[in-house]
Protein chains: 2
Amino acid sequence: MISDDIVRASSSRAPEAGPAASALALLAHQPGLSIRMLAVGVGLSHAGTVRLVDRLATEGLIERREHSSDGRTRALYLTPTGKIASDEVLASRDEVIAEGLSILKPDELKILCDMAERVLRDRLENLEHSYRICRLCCYEGCTNCPIDAELHERGVERGKSGDG
Amino acid sequence: MISDDIVRASSSRAPEAGPAASALALLAHQPGLSIRMLAVGVGLSHAGTVRLVDRLATEGLIERREHSSDGRTRALYLTPTGKIASDEVLASRDEVIAEGLSILKPDELKILCDMAERVLRDRLENLEHSYRICRLCCYEGCTNCPIDAELHERGVERGKSGDG
DNA sequence: CGTCTATATGTGCGCGGGGCATAGACAGCA
DNA sequence: TGCTGTCTATGCCCCGCGCACATATAGACG
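Values in this document were obtained by computation on a predicted structure and should not be read as measured data. (Residues numbered from 1 in each chain as written. Chains lettered and ligands numbered in written order. Predicted model: local features only at pLDDT ≥ 70, side-chain atom pairs only at ≥ 80, totals over all residues. Heavy atoms only, no water.)

A. Examining the overall build of chain A more closely. Helix and strand content of chain A: eight helices and two strands. When the helices and strands of chain A are read in sequence order from the N terminus, they spell out α-α-α-α-β-β-α-α-α-α. In chain A, which comprises 164 residues, the share counted as buried stands at 45%. Taking the contacts inside chain A whose residues are at least 6 apart along the sequence as the reference set, 58% of them involve residues at least 24 apart. (Helix = DSSP H or I, 4+ residues; strand = E, 2+ residues; numbered from the N terminus. Buried < 20%, exposed > 50% of the residue type's maximum accessible area, 1.4 Å probe, protein only. Contact = heavy atoms within 4.5 Å.)

Written out as structure tokens, the structure reads:
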């Protein structure tokens, strides 16, 4: 009901266009991702993701490297500049969230986090979906990531192609 | 922290591109809106909103009427077809929300709604902002809309140009 | 009433993003 | 070696949007 307005309250102040920020944040989580995985994560087609990577590479934010074993795959990594940009994106996002929830008391935040965690674990569909969910997570603050925990409980590890 | 993931969990399954759906839902709330107000609501420029209205009018979803007192302003109204489309958008959105929160118990939902209401009232900045927040609300389910209540407490009524 | 300003809508033009179809490079297998 | 599937990259095009401008109207003032 009303709860989705909190969605809009924060998403309407989103830091940037979306795909670019998502890509940076996602690569901050999972360095060495392939373009294919990144495309799934940011919700774009392969072609669109290639252009996105082109732009970000032109801006010096990410770089393509050769994959160790597979000659086709390009492993994507953040450059130091890209890491800074990614941090800024996540920081601004955190600021919006914190600002939006500033009226809640600490114990209420705890309740909210608990509910959110259970919702996430319940809604998690498969491994590809997990990339989408986590694309704008704060990696440092996500040491006990519920998504990772849920994946672990299901016997799935990230980085493998165990799609469901 | 984690709470913003609930954002993504629902927004990643959004019904449509965004502006179009927002416009329909917003016009379902506030028939007779001007293009300017609609532009603020959906977060587009005037020009972009004009094109959006053009498209929706071409599809027979909304119609432009003459304003009663102001000859410049065009009052936008949903056609019956547009009303159906708007209902579908809101229904699919509700479905996503309900599905996402299905794991929560009723009392938890109540707590969540209470927190969301306070967050919204706290984050409400001005009247224009209220249009953005409410653009995808469920009008029927929002009989005691916290935004309206907050606006009322501040002595502001919708439909007037009392920008802050 | 004439004029000037502010407001609201509509339009020409260009840019950027993204998808579809295709080409090139490479892994795995018979 | 040749075939097939996969991954990446590119040509082409459409769509959506913003900027600047034009048009129409309301309101204020002399």
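What follows continues from the structure just given.
B. Representation of the protein's contact with DNA strand C within the structure. In the region of DNA strand C, 20 residues are neighbours, and Ser45 and Arg55 of chain A together with Ile35, Arg51 and Arg64 of chain B sit closest. Near the protein, meaning within 4 Å, the atoms of DNA strand C are sugar or phosphate in a fraction of 67%, with bases accounting for the rest. Interatomic distance of 2.9 Å between a side-chain N/O atom of Arg55 of chain A and a phosphate oxygen of DNA strand C. In this structure, a phosphate oxygen belonging to DNA strand C sits 2.7 Å away from a side-chain N or O atom of Arg64 of chain B. Looking at the surface near DNA strand C, the elements with two or more residues in it are helix H4 (46–58) of chain A together with helix H3 (35–42) and helix H4 (46–58) of chain B. Broken down by element, the surface near DNA strand C gets its largest block of residues, four residues, from H4 of chain A. Residues of the surface near DNA strand C, tallied by class, amount to five nonpolar, six polar and nine charged. (Near = heavy atom within 4 Å. Polar contact = N/O pair within 3.5 Å; in protein donor to acceptor, adjacent residues only side chain to side chain. Nonpolar A, V, L, I, M, F, W, Y, C, P; charged D, E, K, R; others polar.)

C. Just the pattern of salt bridges, in detail. All names here are of chain A. Evaluation of the coordinates by the stated rule reveals 16 salt bridges over all chains. Between Asp70 and Arg72 there is a salt bridge whose closest N-O contact spans 2.9 Å. Asp70 sits in the partly exposed class, given a relative accessible area of 22%. Residue classification places Arg72 among the exposed residues on the basis of a relative accessible area of 70%. Ionic pairing is found between Asp87 and Lys83, a salt bridge with its closest N-O pair at 2.9 Å. Placement of the pair is Asp87 and Lys83 together in helix H5 (residues 80–100), with a separation of four residues, close to one helical turn. Taking the relative accessible area as the measure of exposure, Asp87 reaches 35% and is therefore partly exposed. (Salt bridge = Lys/Arg side-chain N within 4 Å of Asp/Glu carboxyl O.)

D. Here's a closer look at the packing of helix H2 (residues 19–29) of chain B against H3 of chain B. Residue and element names in this part refer to chain B. Close contact between H2 and H3 brings their axes to 9 Å; oriented N to C, the two are set at 125°. As far as their axial angle goes, H3 and H2 are oblique. H2 and H3 meet at a crossing whose hand is right-handed. Two secondary-structure elements touch here, H2 through Pro19, Ser22, Ala23, Leu26 and Leu27 and H3 through Leu38, Gly41 and Val42. Residues of the contact of H2 with H3, tallied by class, amount to six nonpolar, two polar and no charged. (Axes fitted to C-alpha atoms, helices over the stretch in contact; angles between N-to-C directions. Parallel < 35°, antiparallel > 145°, perpendicular 65-115°, else oblique. Left-handed = near helix turned anticlockwise from the far one by under 90°.)

E. Broad picture of helix H6 (residues 106–123) of chain A. If you check H6 of chain A, its first and last C-alpha atoms are 25 Å apart, about what 18 residues at 1.5 Å a residue would give, namely 26 Å. Three or more residues of H6 of chain A are buried, namely Glu108, Leu112, Cys113, Met115, Ala116, Val119, Leu120, Arg121 and Arg123 of chain A. (Expected span 1.5 Å × (residues − 1).)

F. Highlighting the protein's contact with DNA strand D. The immediate surroundings of DNA strand D are formed by 22 residues, with Ile35, Arg51, Arg64 and Arg72 of chain A together with Ser45 of chain B found nearest. Of everything in DNA strand D that lies within 4 Å of the protein, sugar and phosphate atoms constitute 56%. A distance of 2.9 Å separates a phosphate oxygen of DNA strand D from a polar side-chain atom of Arg55 of chain B. For DNA strand D, a phosphate oxygen lies 3.5 Å from a polar atom in the backbone of Gly71 of chain B. At the level of secondary structure, the elements contributing two or more residues to the surface near DNA strand D comprise helix H3 (35–42) and H4 of chain A together with H4 of chain B.

G. Molecular detail of the packing of aromatic side chains. For the structure shown, the criterion picks out zero aromatic pairs over all chains. Looking at Arg65 of chain A, its charged tip hangs above the ring of Tyr77 of chain A, at a distance of 3.9 Å from the centre. (Phe/Tyr/Trp six-rings, centres within 6.5 Å; stacked < 30°, edge-to-face > 60°. Lys NZ or Arg CZ within 6 Å of the ring centre and 35° of its normal.)

H. Here's a closer look at the packing of helix H6 (residues 106–123) of chain B against helix H8 (residues 146–153) of chain B. Residues and elements named next belong to chain B. In the contact formed by H6 and H8, the axes pass within 9 Å of each other and the chain directions differ by 40°. With respect to their mutual orientation, H6 and H8 come out oblique. The handedness of the crossing between H6 and H8 comes out as right-handed. For the pair formed by H6 and H8, the contact residues are Glu117, Leu120 and Arg121 on the first element and Pro146, Ile147, Ala149, Glu150 and Glu153 on the second.

I. Representation of the confidence of the model for chain A. Residue and element names in this part refer to chain A. Mean pLDDT over chain A works out to 79, with 77% of the residues at or above the 70 mark. Looking at the elements of chain A, mean pLDDT is at its lowest for helix H1 (residues 3–11), recorded as 64, and at its highest for H4, recorded as 93. Confidence over residues 160–164 falls short of pLDDT 50; this stretch has six contacts with residues more than four positions distant or in other chains. (pLDDT = per-residue confidence, 0-100.)

J. View of the side chain of Ser86 of chain B. Take Ser86 of chain B: it is sitting in helix H5 (residues 80–100). If sequence neighbours within four positions are ignored, Ser86 of chain B has contacts with Leu24, Ala25, Ala28 and Leu78 of chain B.

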